[in-house]
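Residue-level structure breakdown
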Amino acid sequence: MDYNRLHSYEAYQAAYAASVQDLEGFWGAIAENFTWRQKWDKVLEWNFEEPKVAWFIGGKLNITENCIDRHLATRGNKLAMIWEANDPKERYMRWTYRELSEKVNQFANVLKNNGAKKGDRIAIYMPMIPELMVSVLACARIGAIHSVVFAGFSAHSLADRINDAACSMVLTSDGMNRGAKQIPVKRVVDEALEMCTSVEKVIVVDRVGWAVNMQEGRDVYLHEELPKASKVCEAEIMDAEDPLFILYTSGSTGKPKGVVHTCGGYMVYADYSFRNVFQYNESDVHWCTADVGWVTGHSYIVYGPLLAGATTLMFEGVPTYPDPGRFWQVCDKFGVTHFYTAPTAIRSLMQAGEDHVLSYSLDSLKVLGSVGEPINEEAWHWYHTHVGKNRCPLVDTWWQTETGGIMISTLAGITPMKPAHATLPLPGVQPVLLDGEGNEIEGNDVEGYLCIKAPWPSILRTTYGDHERCRINYFAAYKGYYFTGDGARRDEHGFYRIIGRVDDVINVSGHRFGTAEIENAINQNENVIESAVVGYPHDIKGQGIYAYIICKEMPENPIQVRAEIVETVVAEIGKIAKPDVIQFVSGLPKTRSGKIMRRILRKIAEGDVSNLGDTSTLLDPLIVDEIKDGAIALMA
Ligand code: WTA
């Protein structure tokens, strides 16, 4: 059976059964479809106790030979990448696989000329420009580990990530275009590097043409380095289990952690999931609207599509610029067949009205996708009806930074779909629902903690520099299982619906934040003594950030203090973590042991103050009334 293209429900079911029966045989067969410099000796070794997971042991490869070189003979003149600028009047860019090959090889030589080598960690802090894709692949070409940091993060966040992995290089740009605005980028890097000591070289792409600070001996312009670099660069031979990249993501405790993915397993899964979920065909144009700064961009803008030899579209701008029809205009302009976006974008475009979407034909579309957060039924129907004209299958894809690729999803047009349901696991993925005691909940029409029972090739291997943290976060809650942090329901047909996080993680417009992470940022403000942050349902963002804050003194000018606190959060994390609501309180509901009762705070933030449960065990039960009254006053 061709596991790379399951084209019927029966084929899906047979593949699923085969994967459960013989996990190694299943993945071994799929891995045959790649270019290996040396074949693996053993498909899999694993235990979830340490945890230790290794795939395709002894295999040697370079992922860029699989993304680019192996396509050159048959697809050299095929478009690999289409890039659409922020400004619709600026000329778009299109590269064939041959052109992409030259760009990546040349950039790889620039990295080498500037001292980069296999195993080095390289931070990439760049807007959505073609050089971002090239940077990622150039690192992979020479065996350097890329750590892409979303260019909306603040200097502090960037510095933390650079320091955690001791990056020796930063790849960046002078500035960026975002809607009607131009935003500094290099300046943020400069500020971050004042807090870092490991970085020796900064390579700067000239995107907006600003004269930026260039530190002698450290900073170089890409356009000055390229002419010195050859367009041929031998790919570094990597072990299947060598790290490919680090990507930081938030958990329920402490600072964001660096999720580590490896060369072999990640490659196999990115390609397999891309082909099957989207049911990719040779002439398709795939557009994933995520940023390469997030895992979705890694797997479904860069690696998945290129591994499959597809044409992938990259967009620099935002959905609402110059107007809320931009996404649809770009679909028509390039004949996009596969469109993959986040529920938050759909909800905001929905709010802008149907007219924007109805003015475009969208005839080329074949498959729609959703990712990053639960998609509510209203948004699902709007997307399916107005964008997909009721003829395109809509795949709701559940997965995580840690899983590397899509885990539970409809296979477009092949397996059943159901609004607001991710539905069925991909063959090779074994989800279970556990109860609070860690017992598997059998049967259908049930709800529990979503865990995965056996490894898949792109499971995270560790959290960079701190393996124990990886164990505690993902493998300790339920012995023998990978714990996702999500709660889920399995309906009467056995279809999964992801309910949302069950830990202290908030998902704001598909971006993950730990409540502790935002609290730490808020607490940096000099007015603040203590804070507690919870998520609450938000019409557009999915979840909003609600912060309860104790100040040294009740602020006389709350508007000003709120603005100052927001500024602090923006400086510590970035604009994407701005609290939506700030309520000043004189105390927080705590148990006698000092634990904050977030359940109560969540209910109040949701506007549900009628039934707060038993508050008599609190240290100070009266505080709940104060907070309740304050919240009502705030909403009035
Ligand atoms: C949530 C993004 C419901 C979930 C790929 C998960 C989803 C977290 C879905 C991972 C979906 C992602 N339906 N919830 N289709 N996709 N999530 O690491 O809570 O940025 O744990 O990866 O997003 O977010 P991350």
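Because the structure is predicted, anything quoted here is derived from the model rather than measured.

Notes on the site of the ligand
In the vicinity of the ligand there are 17 residues, among which Asp396, Thr397, Thr401, Asp486 and Arg512 approach most closely. Between the ligand and the protein, one listed contact pairs a nitrogen atom with a side-chain N or O atom of aspartate 396 at 2.7 Å. One of the side-chain N or O atoms of aspartate 486 is found 2.6 Å from an oxygen atom in the ligand. Expressed as a share of its isolated accessible area of 530 Å², the protein-covered part of the ligand is 96%. Those elements that place two or more of their residues in the shell around the ligand are α11 (295-307), β20 (394-397) and β25 (496-501).

Let's talk about the pairing of strand β26 (residues 505-508)
Residues of β26 alternate between two faces, with Val505 and Asn507 on one and Ile506 and Val508 on the opposite face, all of them buried. In the sheet, β26 pairs with strand β27 (residues 511-514) via 4 bridges, with the strands oriented antiparallel. Within the sheet, the bridge partner assigned to isoleucine 506 lies in β27 and is phenylalanine 513.

Focus on the sheet that holds strand β8 (residues 169-173)
Pairing is mixed across the open sheet formed by 8 strands, whose spatial order is β12-β11-β8-β6-β7-β14-β15-β23. Each end of this open sheet is capped by a strand with a single partner; those strands are β12 (219-221) and β23 (462-463). Sheet contacts for helix α7 (residues 155-165): β6 (121-125), β8 and β14 (243-249); angle to β14, the most-contacted strand, approximately 140 degrees. Of the strands in this sheet, β14 and β15 (257-262) are in contact with helix α10 (residues 263-278), which crosses β15 at around 80 degrees.

Observations concerning the packing of aromatic side chains
In this structure the tally under the stated criterion is 44 aromatic pairs. Plain terms: the ring middles of tyrosine 474 and phenylalanine 475 are 6.5 Å apart, the flat faces sit at 75 degrees to each other, and that makes the pair edge-to-face. Residue tyrosine 474 is classed as buried on the basis of its relative accessible area of 5%. On the accessibility criterion, phenylalanine 475 (4% relative accessible area) is buried. With a centroid separation of 6.0 Å and an interplanar angle of 90 degrees, the aromatic rings of tyrosine 536 and tyrosine 546 are classed as edge-to-face. With a gap of 10 residues between them, tyrosine 536 in strand β28 (residues 528-538) and tyrosine 546 in strand β29 (residues 542-551) connect regions that are remote in the sequence. No difference in accessibility class separates tyrosine 536 from tyrosine 546, as the two residues are buried. An aromatic cluster is defined as three or more aromatic residues linked by ring pairs; in this entry it consists of Tyr3, Phe26, Trp27, Trp36, Trp40, Trp55, Phe56, Tyr269 and Tyr272. Sitting over the ring of tryptophan 40, lysine 39 keeps its end group 5.0 Å from the ring centre. Directly above the aromatic system of phenylalanine 153 lies the positively charged group of arginine 161, at a separation of 4.3 Å from the ring centroid.

Looking at empty space enclosed by the protein
With the rule as written, the count across this model stands at 1 cavity of 30 Å³ or more. In this model, the largest cavity occupies a volume close to 40 Å³. The wall of the largest cavity is formed by Asn62, Ile63, Ala140, Gly143, Ala144, Met238, Pro243, Leu244 and Cys263. Across the lining of the largest cavity, the residue classes break down as 7 nonpolar, 2 polar and no charged.

A word on the domain arrangement of the chain
Domain assignment breaks the chain into domain 1 (9-318 + 397-488) and domain 2 (509-635). Between the C-alpha centres of domain 1 and domain 2 the distance comes to 34 Å. Listed by partner, the interface residues are 16 residues for domain 1 and 13 residues for domain 2. Between domain 1 and domain 2, a total of about 1,100 Å² is buried, with carbon and sulfur atoms accounting for 45% of that surface. At the surface where domain 1 touches domain 2, the tally comes to 1 salt bridge. Of the charged contacts in the structure, one is a salt bridge between glutamate 402 and arginine 512, with a shortest N-O distance of 3.0 Å. The tally of links from domain 1 across to domain 2 stands at 10 residue pairs in polar contact (both at pLDDT 80 or more). Considered class by class, the residues forming the side of domain 1 that touches domain 2 number 4 nonpolar, 11 polar and 1 charged.

What about the pattern of salt bridges?
Scanning the entire structure with this criterion turns up 36 salt bridges. The partner of lysine 117 in a salt bridge is aspartate 120, and the shortest N-O contact between them spans 3.2 Å. By relative accessible area, lysine 117 is classed as exposed at 52%. Residue arginine 347 is joined to glutamate 373 by a salt bridge in which the shortest nitrogen-to-oxygen separation is 2.9 Å.

As for helix α19 (residues 598-605)
Buried residues of α19: Arg598, Ile600, Leu601, Ile604 and Ala605, and no others. In an axial view of α19, the angular spread of the buried residues amounts to 160 degrees, which keeps them on one side of the axis. In this structure, the buried residues of α19 make contact with α17 (515-523), β28, β29 and α20 (622-635). Glycine 607 lies just past α19 and shows a positive phi near 85 degrees.

Points about the sheet that holds strand β24 (residues 482-490)
On the basis of which strands lie adjacent, the open sheet formed by 4 strands has the order β21-β22-β24-β25 and antiparallel pairing. Each edge of the open sheet is held by one strand with a lone partner, namely β21 (431-434) and β25. This sheet shows a mean twist of 45 degrees between the axes of neighbouring strands, independent of strand direction. With 5 bridges connecting them, β24 and β25 associate as antiparallel partners. By the bridge assignment, arginine 490 is partnered in β25 with tyrosine 496.

What to know about the side chain of aspartate 396
Among the secondary structure elements, aspartate 396 is positioned in strand β20. Buried charge aspartate 396 goes without a salt bridge, the closest partner of opposite sign being arginine 497 at 8.7 Å. Those residues in contact with aspartate 396 that sit more than four places away from it in its chain are Ser370, Ile375, Ile408, Ser409, Thr410, Ala420, His421 and Ala422.

Here we look at the environment of cysteine 139
Relative to the assigned elements, cysteine 139 resides in helix α6 (residues 130-142). Taking the C-alpha atoms as reference, cysteine 139 lies 27 Å from glycine 28; in sequence the two are 111 residues apart. Filtering out sequence-adjacent residues up to four positions away, cysteine 139 remains in contact with Leu111, Ile122, Ile124, Ala144, His146 and Leu171.

Details of a positive patch on the surface
A contiguous patch of positive charge, built from Arg178, Lys181, Lys575 and Lys578, is present on the exposed surface. As for its position among the elements, lysine 578 is in the loop between α18 (558-572) and β30 (581-584).

About the cut-offs
Residues numbered from 1 in each chain as written. Predicted model: local features only at pLDDT ≥ 70, side-chain atom pairs only at ≥ 80, totals over all residues. Heavy atoms only, no water. Near = heavy atom within 4 Å. Polar contact = N/O pair within 3.5 Å; in protein donor to acceptor, adjacent residues only side chain to side chain. Areas by Shrake-Rupley, 256 points an atom, 1.4 Å probe, with all protein chains shown as cover. Helix = DSSP H or I, 4+ residues; strand = E, 2+ residues; numbered from the N terminus. Buried < 20%, exposed > 50% of the residue type's maximum accessible area, 1.4 Å probe, protein only. Pairing = 2+ DSSP bridges. Contact = heavy atoms within 4.5 Å. Axes fitted to C-alpha atoms, helices over the stretch in contact; angles between N-to-C directions. Phe/Tyr/Trp six-rings, centres within 6.5 Å; stacked < 30°, edge-to-face > 60°. Lys NZ or Arg CZ within 6 Å of the ring centre and 35° of its normal. 1 Å grid on protein atoms, 1.4 Å probe; cavity = no way out; pocket = protein on both sides within 12 Å on 5 of 7 lines; lining within 4 Å. Points joined across faces, edges and corners; volume = space filled by probe spheres on them. Nonpolar A, V, L, I, M, F, W, Y, C, P; charged D, E, K, R; others polar. Domains from an automatic or database assignment. Buried area = accessible area lost by both parts, 1.4 Å probe. Salt bridge = Lys/Arg side-chain N within 4 Å of Asp/Glu carboxyl O. Arc of directions from axis to C-beta. Lys, Arg positive; Asp, Glu negative; His and termini not counted. Patch = residues over 30% accessible without salt bridge, like charges linked within 9 Å, V, L, I, M, F, W, Y side chains within 5 Å. Charge placed at Lys NZ, Arg CZ, Asp CG, Glu CD.

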